[in-house]
Every structure is written in structure tokens, then in C-alpha cells.
Amino acid sequence: VDKISEYLCEPLRRALKDSDPYVRKTAAICVPKLYEVSPDLVEDQGFIDTLIELLGDANPSVVSNCIAALAEISSSSGRPTYKLDSTNVMKMLAALNECSEWGQVTILDTVSQYRPQHSQEAENIVERVKPRLQHANSAIVLSATKIIIKLLDLITGEEKIKGYLKALAPPLVTLMSGKSEIQYVSLRNIQLICQVRPLLLKNDVKVFFVKYNDPIYVKMEKLDILVMLAHSGNIDQVLMEFNEYATEIDDEFVRKSVRSIGRCAVKLPDAAERCVKVLVDLIKTKVNYVVQEAIVVIRNIFRKYPNKYEGVIGTLCENLETLDESEAKASMIWIVGEYAERIDNSPELIENFVESFCEDGAEVQLQ
């Protein structure tokens, strides 16, 4: 291929300037392939400059292929092949409506790398991208969401920002009715969005309740988002769900559900007492791994709220004999040590752990 690459240059140059857009868009994809074989040749022959010129082509498919080709060359070379400025971005957005779905994703991903110079420019871009939120393709919806979330920081005016956030919520909720794989990708993206805009989905918590037929990887992501969306107005609903999940069969899912109750207690001081009550009820079920996970969680709650909720210590002490996991044992030792003066038989309880000192792991021994 190296030997014939020079002979490919002239036909490729003609194809890039052909009158037929199908030929031009196919030739655009050929440029990064040739770049892989001979980078210097592509740069010397001016093919990269030709691709940049074609960003203003009248045919949207040619534009999207040129963007994809330039992105691939940038990735291979490790440096940007052209400057992404306002003019180029407007050319790309002009082609957006008539592109294929693949082309739209390519354009949106490229536009997301551009930082507007001022608020008005950011607003113009958001307005051009906003209709993509109604698209049936989840990749296009997520790419459009990415741009809007990034540019909201540059837009001034609370009312405008509220309007854009209001438009973002329904498309994200709609993604949750897709296939499991799409749900998983959407949930991962929604987690990141909630970190930046925690109030965006505050009224849609029910959408993220776990369904009986959800795959385990979707269930796990939903638990994280439920903790993020929990607030004083919906915590009772969320706790009821977590309590239900803690009676499921899947060990891993149950453990994470119990931990999620603890995370809600730490996050919402007003709801901590209700969270502790749910945890105590779970301990009374006497299911071994539920009890051990609950003890670990209660240790964290005691750390966050010292000298509160001490009434549960008696219930915890009743389950000493069942502990066989290092983290649960270490947590129980910490609780007994921290509240020794309030536990009548604390020396005896510690003695129980001393007997198995040599067999226990480092975490328990150090504690």
C-alpha cells in the first residue's frame, strides 16, 4: 500500500472536487484511511485543507463525513487538524437538520468541543440544537443534552436557564422506556447530569424505581440515581422502595439497597431517623448478609451523627454471633468501643472478638 499511495493522490483530489455529492462524501472518508498509511503525504498534498473547505459544502452528508474524517485524523495525529471557530460551528449546525442519524451524532459531538465567546452565541447554539432532544435516536438525544448542559453555564438569565432545563427533563425520562442497554447508557449519563444539575429530575423519581424484570446492571445504576434524587419531599417514597429491594433474592442488589438507605441518612439529616428505623427493621429480619450490611451502614450514620440514635445499639448487640464478614465485624467493634460506657457488657462483647483475633482479617485486627 505504501508503494501505490502516491498514485492514489490525483484520483482522490479529483474525487474530493467531483460534482456528485456521493463521490465527495465517499472521498472524504478515504482521506483518514490514506493518512493512516502516509500522514506526511496527506499533509503535503493539502487534503486536510480540502476537507476544511468542504465543511461549507451544500450537501449535509459531505459535511458530516468531512467532520468525521477530520476528527479521525486529529485522533491519529494527537493534535487538532483545524481551528473550531464560530464560522465552522455555524456551517456544521446548518447541515444538522438534513443529515443521517450517524451524521447528526458526529456533528453534535464536534460542536460540544466548542466554547462560545459570549452568552448570546451560546444561546444561539442551544436553540439550534434543542429540536434534537425530540429525536427518536437515543444517541442524538444524549449528544444534544451534552451540548446544552455544557453551554448553560455560559448563558445569563435565570428564566432562560429554567426554560432549557424544563425542556431537558422529558427526553431523558423517555430514554428510560428503551431497551435495557440503552437504559444503562442513559442512566450513566443521567448520573453525570444530576451531579451538575441536581434539581433537573427532582419530580421524576418514580421513573427510576426498579422493575422486577430489569437486568442487574440497570438496577444498580437506578439505586445510585434514586439516592441523588432523594429530598425531604420524596424520601418516604424512596425509603419504602429501598426497604422493598432489601427483601429481594439477589445478594449484591440487596447489599447496595441497604447501603443506599445509609447514604440517604447521611445526605438528609431530617430523614436520618426514618432511615435508621428502616435499617433496624431490616436487622430484625435476621437475614445474615442484610444484618451485616446494615451494621456497616449504621456505623457510618453514627460517625455522621455522634451521640444520636443510640437506642439501636441493643438491637445490634443481639446479632454479634452471626457476624462473619470483616467489614461488619470491624464496624461492630468500632460501635462497641465508641459507646462502651453505655453498653453494660462491652468488655465481654470485645472478648468475643478477641477469641478469633488470629483468624480475622487485618481490618478487624486493626479496629
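Within the protein chain, the secondary structure is distributed over 20 helices and zero strands. Relative to the compact-globule value of 21 Å for 367 residues, the protein chain shows a C-alpha radius of gyration of 29 Å, a clear excess of over 25%. Viewed in the frame of its principal axes, the protein chain has a C-alpha envelope of about 90 × 50 × 40 Å. Summarising the internal contacts of the protein chain: among those between residues at least 6 apart in sequence, 65% fall at separations of at least 24. Accessible surface computed for the protein chain: about 18,600 Å², of which carbon and sulfur atoms make up 51%. Positive and negative side-chain charges of the protein chain, numbering 42 and 54 respectively, have mean locations separated by a distance of 7 Å.

Here the focus is a nonpolar patch on the surface. Residues I4, Y7 and L8 make up a contiguous nonpolar surface patch of about 350 Å² in total accessible area. Looking at where I4 falls in the secondary structure, it is placed in the segment before α1 (5-16). Of the residues examined, I4 reaches a relative accessible area of 48% and is grouped as partly exposed.

Turning to the nonpolar core, a few remarks are in order. Taken as a class, soluble globular proteins show a tendency for nonpolar side chains to be buried jointly. Formed by 122 residues in total, the largest nonpolar core has its most connected members in L51, I125, F208, F242, F302 and L316. Leave out the neighbours within four places in its chain, and F208 touches M176, L187, I190, L201, K222, I225, L226 and L229.

Moving on to the packing of aromatic side chains. Under the defined criterion, the tally for this structure stands at three aromatic pairs. Each ring, one from Y184 and one from Y217, has its centre 5.5 Å from the other, and the planes form 85°; the classification is edge-to-face. In this pair, Y184 is assigned in helix α11 (residues 180-196) and Y217 in helix α12 (residues 216-229), connecting sequence segments 33 residues apart. With a relative accessible area of 29%, Y184 lands in the partly exposed category. Look at Y245 and F253: their rings are 5.4 Å apart centre to centre, the planes differ by 40°, and that puts the pair in the tilted class. The same class applies to Y245 and to F253, which are both buried. One aromatic cluster is present, formed by F242, Y245 and F253 through successive ring pairs. Stacked on the ring of F253, the Lys or Arg K219 has its end atom at 5.2 Å from the ring centre.

With that settled, consider the state of the cysteines. Under the definition given, this model contains zero disulfides. For the unlinked cysteine C194, the closest cysteine sulfur is that of C264, found at 14 Å. C264 carries a free sulfur, and the closest cysteine sulfur to it, the one in C275, is 5.6 Å from it. You can call C264 buried: its relative accessible area is 0%.

So, on to a negative patch on the surface. Together, E244, E248, D250 and E252 make up a region of like negative charge exposed at the surface. Relative to the helices and strands, E244 is located in helix α13 (residues 235-245).

It is worth spelling out the pattern of salt bridges at this point. Inspection of every chain in the model, using the stated rule, returns 15 salt bridges. Between D236 and R274 there is a salt bridge, with its nearest N and O atoms 2.9 Å apart. Placement of the pair is D236 in helix α13 and R274 in helix α15 (residues 272-283), with a sequence separation of 38 residues. Given a relative accessible area of 33%, R274 falls into the partly exposed group. In this structure, the salt-bridge partner of E293 is R259, at a minimum N-O distance of 2.3 Å. Residue E293 is found in helix α16 (residues 288-304), and its partner R259 is found in helix α14 (residues 251-267); the two are separated by 34 residues along the sequence. The partly exposed category is assigned to R259, whose relative accessible area is 32%. Three or more residues are tied together by salt bridges with common partners; here these are D251, R255, R259, E293 and E327.

Turning next to unusual backbone geometry. In the Ramachandran plot, K286 falls in the positive-phi region, its phi being about 65° despite a non-glycine side chain. Among the structural elements, K286 can be located in the loop between α15 and α16. The exposure class assigned to K286 is exposed, which follows from its relative accessible area of 52%.

Before going further, it helps to spend a moment on the side chain of K222. Relative to the assigned elements, K222 resides in helix α12. Under the relative-accessibility criterion, K222 is labelled buried at 1%. If we ignore the near neighbours within four places in the chain, the residues touching K222 are M176, Q183, L187, V207, F208, F209, V210, K211 and D214.

With that settled, consider the confidence of the model for the protein chain. Predicted confidence across the protein chain gives a mean pLDDT of 85, with 92% of residues reaching 70 or more. Per-residue pLDDT, averaged within each element of the protein chain, yields its smallest value for helix α20 (residues 362-366) (64) and its largest for α12 (92).

Moving on, we come to α15. For the α-helix, the turn length of 3.6 residues means that residues three or four positions removed from each other point alike. For α15, spanning twelve residues, the distance from its first C-alpha to its last is 17 Å, which sits close to the expected 16 Å at 1.5 Å a residue. Buried within α15 are the following residues: A272, C275, V276, V278, L279, V280, L282 and I283. The secondary structure elements touched by the buried residues of α15 are α13, α14, α16 and α17 (313-317).

Rules of the game
- Residues numbered from 1 in each chain as written.
- Predicted model: local features only at pLDDT ≥ 70, side-chain atom pairs only at ≥ 80, totals over all residues.
- Heavy atoms only, no water.
- Helix = DSSP H or I, 4+ residues; strand = E, 2+ residues; numbered from the N terminus.
- Rg over C-alpha atoms; globule rule 2.2 N^0.38 Å.
- Contact = heavy atoms within 4.5 Å.
- Areas by Shrake-Rupley, 256 points an atom, 1.4 Å probe, with all protein chains shown as cover.
- Lys, Arg positive; Asp, Glu negative; His and termini not counted.
- Charge placed at Lys NZ, Arg CZ, Asp CG, Glu CD.
- Patch = residues over 30% accessible without salt bridge, like charges linked within 9 Å, V, L, I, M, F, W, Y side chains within 5 Å.
- Salt bridge = Lys/Arg side-chain N within 4 Å of Asp/Glu carboxyl O.
- Buried < 20%, exposed > 50% of the residue type's maximum accessible area, 1.4 Å probe, protein only.
- Core = buried A, V, L, I, M, F, W, Y, C linked by side-chain atoms within 4.5 Å.
- Phe/Tyr/Trp six-rings, centres within 6.5 Å; stacked < 30°, edge-to-face > 60°.
- Lys NZ or Arg CZ within 6 Å of the ring centre and 35° of its normal.
- Disulfide = S-S within 2.5 Å.
- pLDDT = per-residue confidence, 0-100.
- Expected span 1.5 Å × (residues − 1).

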